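Here are the chains, one letter per residue:
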Amino acid sequence: MIEVSHLTRMYGVRAAVKDLSFTVEDGQIYGLLGPNGAGKSTIMNILAGYLAATSGTVTVCGHPLPEEAAAARACIGYLPETPPLYPEMTVEEYLRFAAALKGVRRGERAAQVEQAARRTGLAGVMPRLIRNLSKGYRQRVGIAQALLGSPSIIILDEPTVGLDPAQVIEIRRLIQQLGKSHTVILSSHILSEVQAVCTRVLILSHGQLAASGDLASLTAGGSLEERFLELTGGESEEESITGTGEEDAT
C-alpha cells in the first residue's frame, strides 16, 4: 500500500527525517510514535503529497511521489494536526465544499457528504456553523472531510490534541471503526493513544526509525512506555524541540 525507501528530508542543514525506510500494509492501524520533533508531521506531509522529499522514494498505492502526486493523493484522506476548517460555514456547506475540492463528481457529492457525516457522527449538526461546535466535533468534521473521495488510506496527525477525556475516547472509537474499512496511519506522541487503537507501530527517534512491528511483539517482556524510552534514549519533548527548523515542534 505504501512503500518508503531511504527517505530524507532536510530543512537547511538540519535533517528532519534521515534515511527512513518502512512499508505500510493494507488493513492495519499504524501508530507513528515519537517525541515532539522526531519527524512525524514531516512524514505525514510527504505521504500526503504536500511536501517533497530531499532524497529517497515514496510510493502510495503504486503511484510514485512526486511524479504521480495527484493519483497518490486520491488514495489518501488526510487530517492535519490543525484541521483546515472554515468557521463561518455550516458543517454541510464545508463538507460539500471539501468534496468539490477533492474532485468528487457533482452528482455524487450529496451522497458522499451524507455518508461521511453518518460515519463520523455529524448527522445531527449538519446545519450548525463550525465556529459553534466543540473541539471534539470540529475534529469529527476534519475526519469527515478526510473520508470524502473514498480514499483507501486515512492519515491522522495528532487527532486528539486539545480534546477533553470524553472527546478523546469518542475519537479513538471512531478511529477503531475506520480501521475496519481503511488502512489508518495515526501520528501521535501519546503512548496510551497508540496502545489503545493501533495494531502496528513505527517508533521514530531523531528523524530515524528506531523500531517497527506489531504492538504485541514490540511490547513483549515490557510495557510500550519502557520500550519507547529504551528506543528513544529517554528523549523528552523539551529536548526534541531545542533544535532549529520547521519540524521542531512536531
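Residues numbered from 1 in each chain as written. Predicted model: local features only at pLDDT ≥ 70, side-chain atom pairs only at ≥ 80, totals over all residues. Heavy atoms only, no water.

Put simply, the test is: UniProt positions are given in the numbering used here, feature names are shortened, and annotations may be inferred rather than shown by experiment.
Taking an unreviewed UniProt entry as the reference, the chain is identified by name as ABC transporter ATP-binding protein belonging to Candidatus Faecalibacterium gallistercoris. Under the UniProt heading Sequence similarities (unreviewed entry), the entry covering the chain gives this text: "Belongs to the ABC transporter superfamily."

## Examining the overall build of the chain
Quick reminder of the rule: For the purposes of this entry, the term helix denotes a DSSP run of H or I that reaches at least four residues, the term strand denotes a run of E that reaches at least two, and both are numbered from the N terminus. For the radius of gyration, the atoms used are the C-alpha atoms, and the globule rule reads 2.2 Å times the number of residues raised to 0.38. Residue exposure (1.4 Å probe, protein chains only): buried if accessible area is under 20% of the type maximum, exposed if over 50%, otherwise partly exposed. Residue burial considers only the protein chains on display, and all accessible areas are found by Shrake-Rupley using a 1.4 Å probe. By the counting rule applied here, Lys and Arg register as positive and Asp and Glu as negative, while His and the ends of each chain are not counted. Positions of charges follow a simple convention, taking NZ of Lys, CZ of Arg, CG of Asp or CD of Glu.
Helix and strand counts for the chain stand at ten helices and ten strands. Against the globule reference of 18 Å for 250 residues, the chain gives a C-alpha radius of gyration of 18 Å, in line with a compact fold. Across its three principal directions, the C-alpha atoms of the chain cover 50 × 40 × 35 Å. Going through the 250 residues of the chain one by one, you find that 49% of them count as buried. Roughly 11,300 Å² of accessible area belongs to the chain as shown, and the carbon and sulfur atoms make up 49% of that amount. In the chain, 22 side chains carry a positive charge and 28 a negative one; their mean positions are 9 Å apart.

## Regarding the nonpolar core
Short version of the rule: What is meant by a nonpolar core is a set of buried Ala, Val, Leu, Ile, Met, Phe, Trp, Tyr and Cys residues, joined one to another through side-chain atoms within 4.5 Å. Contacts between residues were defined by any pair of non-hydrogen atoms, one from each residue, lying within 4.5 Å.
Counting 44 residues, the largest nonpolar core has Val91, Leu95, Val141, Leu156 and Ile175 as the members making the most contacts within it. Apart from residues no more than four positions distant in its own chain, Val91 is found in contact with Leu122, Val125, Met126, Arg128, Ile130, Leu133 and Val141. The next biggest cluster of nonpolar side chains, apart from the first, holds 28 residues, and it includes Leu32, Ile43, Val60 and Ala72.

## Quick look at the packing of aromatic side chains
We apply this condition: Geometry of aromatic contacts follows a simple scheme: Phe, Tyr and Trp rings, the Trp one being its six-membered ring, pair when their centres are within 6.5 Å, and the pair is stacked under 30 degrees between planes, edge-to-face over 60, tilted otherwise. The rule for a charge over a ring is simple: NZ of Lys or CZ of Arg within 6 Å of the ring centre, and within 35 degrees of the ring normal.
Applying the stated criterion to the full structure yields three aromatic pairs. Between the aromatic rings of Tyr86 and Phe97, the centroid separation amounts to 5.6 Å while the plane-to-plane angle is 85°, which identifies the pairing as edge-to-face. Taken together, the positions of Tyr86 in the loop between strand E6 (76–79) and helix H3 (91–101) and Phe97 in helix H3 put the pair eleven residues apart, joining distant regions of the chain. Aromatic ring contacts, followed pair by pair, group Tyr86, Tyr94 and Phe97 into a single cluster. Lying across the ring of Tyr137, Arg140 places its NZ or CZ 6.0 Å from the centre.

## Observations regarding the pairing of strand E7 (residues 153–157)
As a reminder of what qualifies: A strand pair is defined by DSSP finding two or more bridges across the two strands.
Extensive coverage of E7 is indicated by the burial of five of its five residues. Residues of E7 alternate between two faces, with Ile153, Ile155 and Asp157 on one and Ile154 and Leu156 on the opposite face, all of them buried. Note: E6 against E7, four bridges, orientation parallel. Across the sheet, residue Ile76 finds its bridge partner in E7, namely Ile153.

## Description of helix H5 (residues 135–147)
Applied cut-off: Helix span, expected: 1.5 Å multiplied by one less than the number of residues in the helix.
Its 13 residues place the ends of H5 19 Å apart at the C-alpha level, agreeing with the 18 Å of an ideal helix rising 1.5 Å per residue. In terms of residue burial, H5 counts as a mostly covered element, since ten of its 13 residues are buried. The elements touched by buried residues of H5 are E6, H3, helix H4 (106–119), E7 and helix H6 (165–178). Gly149 occupies a position one or two residues after H5 and carries a positive phi of about 90°.

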